[in-house]
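As a plain string of letters, each chain reads:
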Amino acid sequence: MIKDKSLVKSKQKSKSKDENLKHLHSKYKESFSLIFNDYPYPIIIINKKGLIEDLNKASIKLLKCSKTKIKGKPLTQLFTSDTKKLRKKIAELRKGESQNNWEKALFRSFMDNIPISVYFKDREGRLLQVSKYYLKQPGAPKADSVEEIIGKTDFDLYSEELARETRADELRIMETREPVVDKEEKSRTPEGEDVYLLVHKAPFVDDNDNVIGILGITRDITDHKKLEQKLFYERSLLESLLNNIPDHIYFKDRESRFIQASKSVANQFGLKSVDELKGKTDFDYFTKEHADLAYRDEQEIIKTGKPIEGKLEKETHPDGRITWVSTTKIPRYDKEGNIIGILGISRDITKRKELEEKLKDRLEELGEEVLFKSRLLTSLLDNIPDRIYFKDGKSRFITVSESLVKWLGASKAEEMIGKTDFDYFTEEHAKPAYQDEQDVMKTGKPIEGKAEKETHPDGRINWVSTTKIPRYDEEGNVIGTLGISRDITDKVLAEKKLEESANKLKTIVNAVSEGLAIVDENHRILEANEFLFELFGLKREKVINKKCHKIFGPWEETCKECPLKKLFEKNVSSPVIEKTKVSKNGMIQYFSIQCYPIPNYNKKRLQSVISIRDITERKNMEKKNIQNYKRKMKNLSHKLTLAEEHERKRIATDLHADIGQTLAFLKLKIGELKEKKSSQNMYKSLEEIYDLVQNAITSARSLMSQISPTILYELGFIPAVDWLAESILKENNIEYEFSDDGKEKPLTEDIRILLFQAVRELLTNIRKHAKAKKVKISIKRTAEDIKIEIEDNGIGFDTSALDSYCEKDVGFGLLNIRSRIDVVGGSFEIESHKKRGTKIILKAPLNI
């Protein structure tokens, strides 16, 4: 018989697919185990018998009990409320489920809620299962649900380059069975932003240990990566500074030992690298004379916190050399504000000191002999680094300093006599310089410190700070000019670079998606970025130089303590706080705010940066999720509470109809026998039996009233609470006061039952544990709530113990009261002090 080949091939393919799915299902449990223990939220697995089968690390941490102590025990040991009916319902539901479906449900729950990207692929790279977070991570493919991408490959979802790289990794993993652990992958979002992911991939095998695909877990590490890049950039800036600055910069610890320094310091001491300095002190490189003075200065700074600025120091070296430096030393602090060492900056001024000494000597000589004036001028012109020149009325050189001769490339000073700036500079510079000199001679007003750009015929460009003053003859007539030019090229270039850096920084600050403002100690806004103006819908002139609280506020709740005040007092960053305000259209906006100080390096007044983010969208989403959860819990609580009360009512009815009537009938019969008085002994026995039956009837009626008091349904909530207090407290010799404000308090059935149960539990706890002599119960109505206050003068307790779920025999439980009150939109407050009693306040919404 000839078979259809296409049909056979289709059946084989279908069979292979079924086997793969079968193996995939068999691995659900294994995949579940990979994620289960490290999942950040508590998970408890209960078997069909209602016993605890397993629990993850987060559950153990929450319950504060060991795994071996809890495993195999019923859930009732953790949650002490009356859950018999609920457990019975759960058992009935699970009886109809197969273990296979139960495991699938667990796995699906994980894949729907785990906050990381988890996925399974077959050998062809097609997606078999994907967690919902897969579509939420940055750079994820655009799809409305995970079902849309099941069966697709990376070539369908991502760029070909990324897909090829990913496929190569997966083929290697399936071939070698070696997983990929902590691999960083970089991709780009459609908006052009870089995204960094931490990828784990492992072979996916069937029950026969055959590789049938890939299991992958991906985490978003973009923020961490960006912070790492920022720290690297800042570190490279510091290293560049220390490697290139000519000044000697060094960091020392509290014992004045070097821990870091600029390369110039190592060069000063003839060392190959800065690392050779670490752990050494000045005593290793200077004579004791200088090292002692430096050490005393540094220890004084560490002790008092007062810096040393611009101190002139004479450095004596072991080889006999003497150098002079201008030294600034300031204290270094740790995060807590403790002084941990010093930062020093020393500038070599040896040449300047030598020149000053020479000039001083020359001045002393000329003071003794006027004839030496011309010689002094010559010496000055020959040695001073500034460029000095004398010109006549036509701006021709008549005397010049040696430094100017060298600068302009002349062979000697005599060569320049009679020439002008037009002979050594381009017309671009020479023409305005000539005009300046003519104006000085015409007006007699000097030019001081003018920045000039000098352009040379060979293309060189430099900047000088020029001072030009008029020269006079004996009759007071202007006969020319005296000029002094100081090279400031490095300074001008540095200022330009600084300006460029400032412009770049301004561009970056204006590009960030958060409001930034710089404020001074008076809380006045000095500068802000464009995003801040857009965030609050204000123009620049309405913000700058205004008090920050007038711009950012008014908030719905004012800060108890302004974060800026603490910042300016202690120079520490404030924690992130969240505030709300109502916009012009009536919508509530949420903001996160943080203040951090700007380092004060130049003894200027301290400033702060305020960072403001609009988190309205995030908060609204959180609120929506909380509301959905509360609504579901409220429905469940309502059903459980009503079911519990109905069960109590049924039990009370059964007790009344069965045991109560039987005891009453028995009492009647014994009463008849008592009347016959057949014998004295028999009469005495019957009388004792009669008393016992009377006590049993009284106890049964009391039990029925406590289980389901008819007074709660017949007379209402207020009389029921008063009766409850009398039956629990007065019968136990505890004095109590009961008060009600008399206002109408319409309550729904579930809230009335919930509050009655809560009051009964609280009064029972007082009777059993509080050792109280007096109890006050107050019931009031506020605008839309009912408020119940219960206060005792008992021994009190430590309220921090409420967070433990491992307590036993606590009945309804304070934590269960709190959780049920929260579900219906109420509140539960408790204040207790040892030996000073306890006060509990219950609030619940009225049915209005």
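1. Here's the deal with the overall build of the protein
And step 1. On a plain count of helices and strands, the protein comes out with 25 helices and 27 strands.
And step 2. The proportion of buried residues among the 848 residues of the protein is 37%.
And step 3. A fraction of 49% describes how many contacts in the protein between residues 6 or more apart in sequence connect residues 24 or more apart.
And step 4. Looking at the protein as shown, the accessible area adds up to about 52900 Å², and 52% of this sits on carbon and sulfur atoms.

2. Remarks on helix 11 (residues 288–304)
And step 1. With 17 residues, helix 11 extends 24 Å between its outermost C-alpha atoms, agreeing within 8% with the 24 Å of an ideal straight helix rising 1.5 Å per residue.
And step 2. Residues of helix 11 that are buried sit in contact with strand 8 (248–253), strand 10 (308–316), strand 11 (322–333) and strand 12 (339–348).
And step 3. Count one or two residues on from helix 11 and you reach Gly305, which has phi positive near 80°.

3. As for the nonpolar core
And step 1. In terms of nonpolar packing, the biggest core is built from 38 residues, with Phe717, Leu755, Leu763, Ile786, Ile788 and Leu842 touching the most fellow members.
And step 2. Sorting the residues of this core by element identifies helix 22 (710–714), helix 23 (717–728), helix 24 (749–770), strand 24 (774–781), strand 25 (785–792), helix 25 (814–823), strand 26 (827–833) and strand 27 (837–845) as the ones contributing at least two each.
And step 3. Sorting elements by how many residues they give to this core places helix 24 first, with 10 residues.
And step 4. Counting residues in hydrophobic clusters, the runner-up holds 21 residues, among them Val519, Val543, Ile544 and Leu567.

4. Points about unusual backbone geometry
And step 1. Of note in this structure, Ser256 is not a glycine but carries a positive phi near 65°.
And step 2. In this fold, Ser256 is placed in the loop between strand 8 and strand 9 (258–261).
And step 3. Relative accessible area serves as the criterion here: at 3%, Ser256 is assigned to the buried category.
And step 4. Unusually for a residue other than glycine, Lys771 sits at a positive phi of about 55°.
And step 5. Of note, Lys771 is situated in the loop between helix 24 and strand 24.

5. What about a positive patch on the surface?
And step 1. A cluster of like positive charges, contributed by Arg524, Lys539, Lys542, Lys546 and Lys550, occupies part of the molecular surface.
And step 2. On the secondary structure map, Arg524 appears in the loop between strand 18 (515–519) and strand 19 (525–528).

6. Quick notes on the pattern of salt bridges
And step 1. In this structure the tally under the stated criterion is 35 salt bridges.
And step 2. Of the charged contacts in the structure, one is a salt bridge between Arg164 and Glu160, with a shortest N-O distance of 2.6 Å. On the criterion of helical spacing, the pair formed by Arg164 and Glu160 is a turn pair, its members being 4 residues apart in helix 8 (residues 160–176).
And step 3. Judged by its relative accessible area of 46%, Glu160 falls in the partly exposed class.
And step 4. A salt bridge links Lys183 to Asp169; the shortest N-O distance between them is 2.2 Å. Linking Lys183 in strand 5 (residues 180–188) with Asp169 in helix 8, this pair joins segments that are 14 residues apart in sequence.
And step 5. Residue classification places Asp169 among the buried positions, given a relative accessible area of 13%.
And step 6. Here the residues in one salt-bridge network are Lys121, Asp154, Arg167, Glu170 and Lys201, joined through shared partners.

7. Side note on the sheet that holds strand 21 (residues 588–598)
And step 1. The sheet built from 5 strands is open, its strands ordered 19-18-22-21-20 with antiparallel pairing. Either end of the sheet is taken by a strand with one partner, and the two such strands are strand 19 and strand 20 (577–582). Strand after strand, the sheet turns through a mean of 30° between neighbouring axes, direction not considered.
And step 2. In this structure, strand 20 lies alongside strand 21, joined through 6 bridges in antiparallel fashion. By the bridge assignment for strand 21, Glu578 is matched with Ser592.

Conventions we followed
- For every chain, the first residue of the written sequence is number 1, and numbering continues from 1 along that sequence.
- Residues qualify for local features only when their pLDDT is at least 70, as the model is predicted, and side-chain atom pairs are given and counted only at 80 or more; totals for whole chains, interfaces and linings, by contrast, use all residues.
- Side-chain figures throughout are based on the complete set of non-hydrogen atoms in the structure, without hydrogens or water.
- Labels follow the DSSP assignment, with helices taken as runs of H or I lasting at least four residues and strands as runs of E lasting at least two, numbered in each case from the N terminus.
- Relative accessibility under 20% of the residue-type maximum defines a buried residue, over 50% an exposed one, and the middle range a partly exposed one, all with a 1.4 Å probe and only protein chains included.
- We call two residues in contact whenever any of their non-hydrogen atoms come within 4.5 Å of each other.
- The Shrake-Rupley method, run with a 1.4 Å probe sphere, supplies the accessible areas, and residue values consider only the shown protein chains as cover.
- One fewer than the residue count of a helix, multiplied by 1.5 Å, yields its expected span.
- Residues belong to a common nonpolar core when they are buried Ala, Val, Leu, Ile, Met, Phe, Trp, Tyr or Cys residues joined through side-chain atoms within 4.5 Å.
- Nonpolar side chains (Val, Leu, Ile, Met, Phe, Trp, Tyr) within 5 Å and like charges within 9 Å form the patches, drawn only from residues with over 30% relative accessible area and no salt bridge.
- We define a salt bridge as a side-chain nitrogen of Lys or Arg found within 4 Å of a carboxyl oxygen belonging to Asp or Glu.
- As used throughout, the charge tally considers Lys and Arg to be positive and Asp and Glu to be negative, leaving His and the chain termini uncounted.
- Here the site of a charge means NZ on Lys, CZ on Arg, CG on Asp, or CD on Glu.
- We treat two strands as partners when DSSP finds at least two bridges between them.
- For every element, the axis is a line fit to its C-alpha atoms; helices are fit only across the contacting stretch, and the angle between N-to-C directions ranges from 0 to 180 degrees.

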